[in-house]
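Coordinate inspection notes
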Amino acid sequence: MNMLRRPRRNRKSPVIRELVQENFLSLSDLIYPMFVMEGQGVRSEITSMPGVARFSLDLLLEEMQECVDLGLKTFALFPNLPESKKDKYATESHNPEGLYLQAVKAIKNRFPDIALMTDVAMDPYSSDGHDGIVEEGSGGFEVVNDETLVVLAKMAVAQARAGADIIGPSDMMDGRIGYIREALDKEGFTNVSIMAYTAKYAGAFYGPFRDALDSAPRFGDKKTYQMNPANSREALIEAELDYAEGADFLMVKPAMAYLDIIKLLNDNFDLPIAAYNVSGEYAMVKAAAANGWIDGERAMLEILTAMKRAGAKIILTYFAKEVAQLRKS
Ligand code: PBG
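Numbering of residues starts from 1 in every chain and runs along the sequence as written. The model is predicted, so local features are restricted to residues of pLDDT at least 70 and side-chain atom pairs to those at 80 or more, both for listing and for counting; the totals for chains, interfaces and linings are taken over all residues. No hydrogens and no water enter the side-chain calculation; it runs on all heavy atoms of the structure.

Below, the discussion takes up the packing of helix α7 (residues 233-244) against helix α8 (residues 259-268). Lines fitted to C-alpha atoms define the axes here, with helix axes fitted over just the stretch in contact, and angles between the N-to-C directions of these axes take values from 0 to 180 degrees. Starting at the N terminus, helices and strands are each numbered in turn, a helix being any DSSP run of H or I of at least four residues and a strand any DSSP run of E of at least two. Contact geometry for α7 and α8: axes closest at 10 Å, N-to-C directions at 45°. The orientation of α7 relative to α8 falls into the category oblique. In the crossing of α7 with α8, the sense of the turn from one axis to the other is right-handed. Residues Ala-235, Leu-236 and Ala-239 of α7 form the contact with α8, whose own contacting residues are Ile-261, Leu-264, Leu-265 and Asn-268. Amino acids outside the nonpolar list (Ala, Val, Leu, Ile, Met, Phe, Trp, Tyr, Cys, Pro) and the charged list (Asp, Glu, Lys, Arg) are all regarded as polar, and Gly is one of them. The class makeup of the residues in the contact of α7 with α8 is six nonpolar, one polar and no charged. Convention used here: angles under 35 degrees read as roughly parallel, angles over 145 as roughly antiparallel, angles from 65 to 115 as roughly perpendicular, and any remaining angle as oblique. In this scheme, a crossing is called left-handed if the near helix is turned counterclockwise away from the far one by less than a right angle; it is called right-handed if the turn is clockwise. Note on contacts: a residue pair qualifies if any of its non-hydrogen atoms lie within 4.5 Å across the two residues.

Following this line, the structure appears as structure tokens:
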């Protein structure tokens, strides 16, 4: 057969395949989300996220040490609070003596060289399970935007004061990046970064995370603030605003079903793009692998590499520790 171009030549051996490989997954791309809870000596497995647990602070520090030894350098922290600490205004979120801010402080004391990302949104602390303040009226309930910004800014400043390196507003209120940026700068935290949850969709993939935090909305859903999964043009509007308001990173969440959005933002903005490989995506891989239906390890690497190929520089993933363990072995 007379064929001048034979693409298979570039796949003929492992060395050649590696030579032409365009995208690589590196440990320094990964952010490992972790969960802290009250108590001592507690490790509480999350049933819907096999291999992921909530830790009391003492055990969290030990677990983090293990991750640091494996080469992970960036972590995101979320709190699981008892119902008794939750209220309508997420007051506990800016209590400097509270679980979360004490944990941030302890982590940065013990590991000054890691980068710690904190979460800004009301849901872990809200008795309503929403990311903002809920007002009830005759026509139902509303998550009120501008009043919420005040709480978010308090939370962000308190986190910066506790030692956070990157603030991660995951709430999707309008104008929050600019409002938080100004609040941080006014308090002298001009060096604290903001990773905006820019295109965060109201999807079905957050269930296991809400189990981990006991943070599911007590009523209604999050569709008036998180985006409609059917839309992509809106993601550009969100990105323009976050860029103009001073975000240092733009995030797309979830990741697997939103690779086009990752590419869209990467093609149009010069900030580093992050992808959040969320809890439901993790759970799907783990469940299928546990049934022997897919090779979980290969699926994990394929999914994460695809996110890089789509244009994500950074990936938040519950697989981070497993990837690091694979690299060590
Ligand atoms: C809410 C928040 C959510 C996640 C991070 N922050 C879920 C939600 O919007 O209810 C989800 C992360 C995951 O599913 O892994 N502020």
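Okay, the UniProt feature "active site" (unreviewed entry) in the protein next. UniProt positions are given in the numbering used here, feature names are shortened, and annotations may be inferred rather than shown by experiment. Residues given the UniProt feature "active site" (unreviewed entry) here are Lys-200 and Lys-253. Maximum C-alpha separation among the annotated residues is 4.8 Å over a sequence range of 54 residues, consistent with a single clustered spot. Lining residues of the largest cavity drawn from the annotated list: Lys-200 and Lys-253. Take Lys-200: it is sitting in strand β9 (residues 193-200). Each residue is placed in one exposure class: buried if its accessible area under a 1.4 Å probe, protein chains only, is under 20% of its type's maximum, exposed if it is over 50%, and partly exposed if it falls in between. The class for Lys-200 is buried, based on a relative accessible area of 5%. With respect to the secondary-structure elements, Lys-253 resides in strand β10 (residues 249-253). What Lys-253 contacts, discounting residues up to four positions off in sequence, is Tyr-197, Ala-199, Lys-200, Tyr-201, Tyr-206, Tyr-276 and Val-278. Only protein atoms enter the 1 Å grid used here. Points where a 1.4 Å probe fits but cannot escape make up a cavity, open sets with protein on both sides within 12 Å along at least five of seven lines make up a pocket, and a residue lines them when an atom lies within 4 Å of a point.

Criterion for a salt bridge: a side-chain nitrogen of Lys or Arg within 4 Å of a carboxyl oxygen of Asp or Glu. Taken as a whole, this structure holds 18 salt bridges when the rule is applied. The partner of Lys-88 in a salt bridge is Glu-136, and the shortest N-O contact between them spans 3.8 Å. Of this pair, Lys-88 sits in the loop between β4 (74-80) and α3 (99-110) while Glu-136 sits in strand β6 (residues 133-137), placing them 48 residues apart in sequence. Close ionic contact of Asp-267 with Lys-263 constitutes a salt bridge, the shortest N to O distance being 2.9 Å. In this pair, Asp-267 and Lys-263 are both assigned in helix α8, four residues apart and thus about one turn of the helix distant. A residue is classified by how much of its surface remains accessible, and Lys-263, at 43% relative accessible area, is partly exposed. Each of the salt bridges in this network shares a partner with another, and the network as a whole consists of Asp-29, Lys-308 and Lys-313.

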